Every structure is written in C-alpha cells, then in structure tokens.
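What follows is each chain in one-letter form.
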Amino acid sequence: MTAATRSEQSRRDLTKSSPMGYAVAQLAKAASLIFAVSVITFFLAKVSGFNPVDAYFGSELTASPEQRAALASKWGLDQPTIVQFGLWWWNLLHGDLGTSLAFERPVTAVIGDALVNSSMLLFIAWLASGLLGAGLGIVAGKNQGRFLDRVISTVCYVFAAIPTFWFGIVLLLIFAVWLKWSPIGLSAPIGKTLAEATLAERLNHLVLPAATLSLVGISTITMQTRTRLIEEQNSDYALFARSRGETSWQFVWRHGLRNSLMPFVTLQFGSISEIIGGSVLAESVFSYAGLGAVTVTAGTKGDLPLLIGITVISSAIVFLGNLCANLLYPLIDPRIKETWS
C-alpha cells in the first residue's frame, strides 16, 4: 500500500466518524497493538532458547546449580511461561515494566534515561529527513526529466540501497578520522556526562549520528513527494492554472504543495518507526549512549523485561506519531473537518 493510498484510507476513516468516536477507536487500536506486540515479543524471546541466567553468569563453571536456581527463582523464570506473561501484564497495568536484569534497575528508569539521551538525536534526524526529503522532492518534481531531476533521483536510489551502519562508518572515517572535523564518537566529550556537556558540545557530537540516521527516510520522502508533485503538474486544473498565466513555481506554491501534503505527512510520521529502528545501528557505530545502545545491551544479555519494555514503549511512540498524522489531516483537507461539524 502506497503512502497516497494510506492517507486516502485514513481520510475516509476520519470522515466516517465523529472526533470522539475516532479518538475512542484509535485508543482501542493502540491497546490491541501494544498487547499484540508484547505477546509476539515475549513468546519469540521464549522460543529462541536464550537463557537470561546463562547470560548473567556467563560460563557454566562460574556459578553452582543452587546459585543459578536461586537467581531463576528471584527473576520468576522458574514459573510457567504463561504465568510469567500474565504477571508481567498485571504489573504493566500498574505502571511497572519490571526490573532490568542487565542494569538491575527498574525498566522504566532505564528506558527513561535512554530516551532523554536519544530524544535530541531522534528528533533532529526525523526533522532533517522530512525537510530535506520534501525539499529535494519538490526540486526534482519541478524539474521533471531534466538533469537536476535525474541527479536527485539517482542519489535517492543509491541512498535507499546503502545500509545505515555502512554509511555511518564512511562518515566517521571521512569527517572524524581523516578531516578531524567531528568527534570520533560518544554523546558528550570524554570525561563529561551528558548533563555536564554544553549544548554546543552535544550538537557537535550529534552531527554525524543525525546525518546517518536521517538517511533512513530521505529517499522515500523525496521520491514520494516528487511523484505526487508530478501528478499534480499533469492534472487538468494545472493546465487551467497555466492558461491563466500562472508560472510553474506559482502553481507549485499555491496548489502543488498543499495537495502533496497528505502523503508527505503520512510518510513523515510513519518514518518514526524507521528512525527508532535505525538508531540501534547508528548509535552502535558512534558509541552513542541512547535507546539504541540500551536495545543492543538488552538483546545481547537476554534482558527480557527490558527488551519487552523497549518494544512496548517504541510501539506506543510509533502509534502516537501515526495519531498525530491523522489529527493533522483535517488541517490539510478541510473536507474532513466539515464532516465533524
């Protein structure tokens, strides 16, 4: 399903219900989505055969069977799987995601600290991918078939095929190792915590990770914006606008941009999931202490409570992004707002 199709489907869903009915339906979808994601994640982790006790102690010779059994009992791993899942969901309803096995801290605290560290990186990368993607798409669509359009399209195709981690390594090698324009990694200067670092220092450490992470969504947004703008320029009302004396840029500004906003908003907010997923690789390449680094730690150490907590929180963030896109549709298309009045 293309972005244009998804946005049209969302518009139809909005026009079929009142604001209150739509909000209730979306909250019900969110609850069912989070439940389904948690079930799948929990049982996939169980059937993988990964044992958190083995990951905690390492070699089997480092702990006695009694110690291992005591730790499994403390974590509740000696209970049947369905009981473990039921207890976890009961605690979730009370705002308790459990205790991280790797960090020995509440999962909510670990994820909260990681999100604070990653929030600026994720937001800058998300914003940059949207603005650059839309700008390049407009330029390419406006110059359809010309040299500039071919260059932008070719670059987008190449970027779409480049793995995120490889692009990050290349940027690190060029700008940090060869040119020495940027720090080699980390989220703050060596010897300083994130709270002690100045805003300028944090931004300096953010440039390369944000550039790497923004690559995730630029190509898709650029090509979708280009395609939609070309469709608008080839429409009948575009021919009528040109017959009235409007220049091509006037048409783009007055009509093309507004009619291209719906798929752009859908793609931009839908790319939140890709940005969060890409942060795992980007933060690993640049040794950036954030949500991606915590996710890697949770996976390698078999920290099931933390892994499920990250999955649930990430799913909620993605849902909120899609909800924001749906709420913006009435501002873009007044016909949706009229059906609610």
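Keep in mind it's a predicted model, so treat the numbers as computed, not measured.

Caption draft 1: Highlighting the overall build of the protein. Scanning the protein for helices and strands turns up 15 helices and zero strands. Classification of the 341 residues of the protein by burial places 43% in the buried group. When the accessible area of the protein is evaluated, it comes to approximately 18,000 Å², of which 67% is carbon and sulfur surface.

Caption draft 2: Seen up close, the packing of aromatic side chains. Tallied over the full model, the rule gives seven aromatic pairs. Considering the side-chain rings of Phe175 and Trp181, the 6.0 Å spacing of their centres and the 45° angle between planes classify their relative orientation as tilted. Judged by its relative accessible area of 28%, Phe175 is partly exposed. Judged by relative accessible area, Trp181 falls into the exposed class, the value being 62%. Taken together, the ring pairs in this structure connect Phe35, Phe43, Phe85 and Trp89 into an aromatic cluster.

Caption draft 3: Region of interest: helix 13 (residues 291–300). Listed as buried for helix 13 are Leu291, Gly292, Val294, Thr295 and Ala298. Taken end-on, helix 13 shows its buried residues confined to a sector of 160°, consistent with a single buried face. The inward-facing, buried residues of helix 13 abut helix 6 (107–142), helix 12 (272–285) and helix 14 (304–332).

Caption draft 4: Representation of the nonpolar core within the structure. Judged by nonpolar contacts, the single largest core of 43 residues is most densely connected at Trp88, Ile111, Leu213, Val265, Leu306 and Ile310. Elements represented by at least two residues in this core include exactly helix 2 (19–47), helix 5 (81–93), helix 6, helix 9 (199–233), helix 11 (248–270), helix 12, helix 13 and helix 14. Ile162, Leu172, Leu215 and Phe286 belong to the second largest nonpolar core, which has eight residues in total.

Caption draft 5: Representation of the packing of helix 9 against helix 11 within the structure. Orientation of helix 9 relative to helix 11, taken along the N-to-C sense of each, is 140°, at an axis distance of 9 Å. With respect to helix 11, the element helix 9 is oriented oblique. As for how helix 9 packs across helix 11, the hand of that crossing is right-handed. Facing Thr220, Ile221, Gln224, Thr225, Arg228, Leu229, Glu232 and Gln233 of helix 9, the residues of helix 11 in contact are Phe251, Val252, Gly256, Asn259, Ser260, Pro263, Phe264, Leu267 and Gln268. Taken together, the residues that form the contact of helix 9 with helix 11 break down as seven nonpolar, eight polar and two charged.

Caption draft 6: Looking closely at helix 7 (residues 147–161). Compared with an ideal rise of 1.5 Å per residue, which puts 15 residues at 21 Å, helix 7 spans 22 Å between its outermost C-alpha atoms and is within 8% of the ideal. Along helix 7, the residues that are buried comprise Asp149, Ile152, Ser153 and Cys156. Along the axis of helix 7, the buried positions cluster into a sector of 100°, meaning they face one direction only. For helix 7, the exposed residues lying more than 90 degrees away from the buried face are Phe147 and Ala161. Where helix 7 is buried, its residues touch helix 6 and helix 9.

Caption draft 7: Here's a closer look at the pattern of salt bridges. Using the criterion set out here, one finds three salt bridges in the structure. With a shortest N-O distance of 2.8 Å, Asp113 and Arg105 are connected by a salt bridge. Between Asp149 and Arg226 there is a salt bridge, and its shortest N-O distance comes to 2.7 Å. On the criterion of sequence distance, the pair formed by Asp149 in helix 7 and Arg226 in helix 9 is long-range, its members being 77 residues apart. For Asp149, a relative accessible area of 3% gives the class buried. Judged by relative accessible area, which is 18%, Arg226 ranks as buried.

Criteria and cut-off values
- Residues numbered from 1 in each chain as written.
- Predicted model: local features only at pLDDT ≥ 70, side-chain atom pairs only at ≥ 80, totals over all residues.
- Heavy atoms only, no water.
- Helix = DSSP H or I, 4+ residues; strand = E, 2+ residues; numbered from the N terminus.
- Buried < 20%, exposed > 50% of the residue type's maximum accessible area, 1.4 Å probe, protein only.
- Areas by Shrake-Rupley, 256 points an atom, 1.4 Å probe, with all protein chains shown as cover.
- Phe/Tyr/Trp six-rings, centres within 6.5 Å; stacked < 30°, edge-to-face > 60°.
- Arc of directions from axis to C-beta.
- Contact = heavy atoms within 4.5 Å.
- Core = buried A, V, L, I, M, F, W, Y, C linked by side-chain atoms within 4.5 Å.
- Axes fitted to C-alpha atoms, helices over the stretch in contact; angles between N-to-C directions.
- Parallel < 35°, antiparallel > 145°, perpendicular 65-115°, else oblique.
- Left-handed = near helix turned anticlockwise from the far one by under 90°.
- Nonpolar A, V, L, I, M, F, W, Y, C, P; charged D, E, K, R; others polar.
- Expected span 1.5 Å × (residues − 1).
- Salt bridge = Lys/Arg side-chain N within 4 Å of Asp/Glu carboxyl O.

No statement about biological role is implied by the geometric values presented.
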